[in-house]
Amino acid sequence: MLPLTSSRDQGAPTLDPGSDARPVASIGPEGEETTMTAEPIQTRWAQQLGPLDDQQRQAVVNALANGIHEGWKPTDADVTRLVDYARGAVDEETYKRAALARARRDG
């Protein structure tokens, strides 16, 4: 069910499971962007990332890090939707529709 094709223009990150790049961004406790390793993302959203295999988890972590770096402040619900898409629980159209709805709401 990977990859995603949209970017912050549509309110959703891109999943690229083949990427070897390590994420360097995280969101701190007050919602501020911090520059760190992938570990804070994996720790902050450990419960949501739990059902993913290694490839899916790395793709979601990369997508989160890239989105955060571009200014996205994902909520727990955003991460859950991204994880659901990565594991195939929702299709691309459903994921994009939800991401666009959030972008419009927050826009």
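For the structure given in this document, a descriptive report is provided here. (Residues numbered from 1 in each chain as written. Predicted model: local features only at pLDDT ≥ 70, side-chain atom pairs only at ≥ 80, totals over all residues. Heavy atoms only, no water.)

## Examining helix α4 (residues 76-86)
Thinking step 1. Taken together, the buried positions of α4 are D78, V79, L82, V83, Y85 and A86. All buried residues of α4 lie within an arc of 160° about the axis, which places them on one face of the element.
Thinking step 2. Looking at the buried side of α4, the elements it contacts are α2 (46-49), α3 (54-69) and α5 (92-106).
Thinking step 3. G88 sits one or two residues past α4 and shows a positive phi near 85°. (Buried < 20%, exposed > 50% of the residue type's maximum accessible area, 1.4 Å probe, protein only. Helix = DSSP H or I, 4+ residues; strand = E, 2+ residues; numbered from the N terminus. Arc of directions from axis to C-beta. Contact = heavy atoms within 4.5 Å.)

## Some words on the packing of aromatic side chains
Thinking step 1. If you walk through the whole model with that rule in mind, you get 1 aromatic pair.
Thinking step 2. Geometrically, the ring pair formed by Y85 and Y95 is stacked, given 5.1 Å between the ring centres and 25° between the ring planes. A residue pair is termed long-range when its members are at least 10 positions apart, and Y85 in helix α4 and Y95 in helix α5 qualify at 10 residues. Exposure class is identical for Y85 and Y95. Each is buried. (Phe/Tyr/Trp six-rings, centres within 6.5 Å; stacked < 30°, edge-to-face > 60°.)

## Looking at the packing of α3 against α4
Relative orientation and spacing of two packed helices are given, respectively, by the angle between their axes and the distance between those axes.
Thinking step 1. In the contact formed by α3 and α4, the axes pass within 10 Å of each other and the chain directions differ by 140°. By the angle between their directions, the pair α3 and α4 is classed as oblique. For the pair α3 and α4, the sense of crossing is right-handed. Between α3 and α4, the residues in contact are Q56, V60, A63 and L64 and V79, L82, V83 and A86, respectively.
Thinking step 2. Residues of the contact of α3 with α4, tallied by class, amount to 7 nonpolar, 1 polar and no charged. (Axes fitted to C-alpha atoms, helices over the stretch in contact; angles between N-to-C directions. Parallel < 35°, antiparallel > 145°, perpendicular 65-115°, else oblique. Left-handed = near helix turned anticlockwise from the far one by under 90°. Nonpolar A, V, L, I, M, F, W, Y, C, P; charged D, E, K, R; others polar.)

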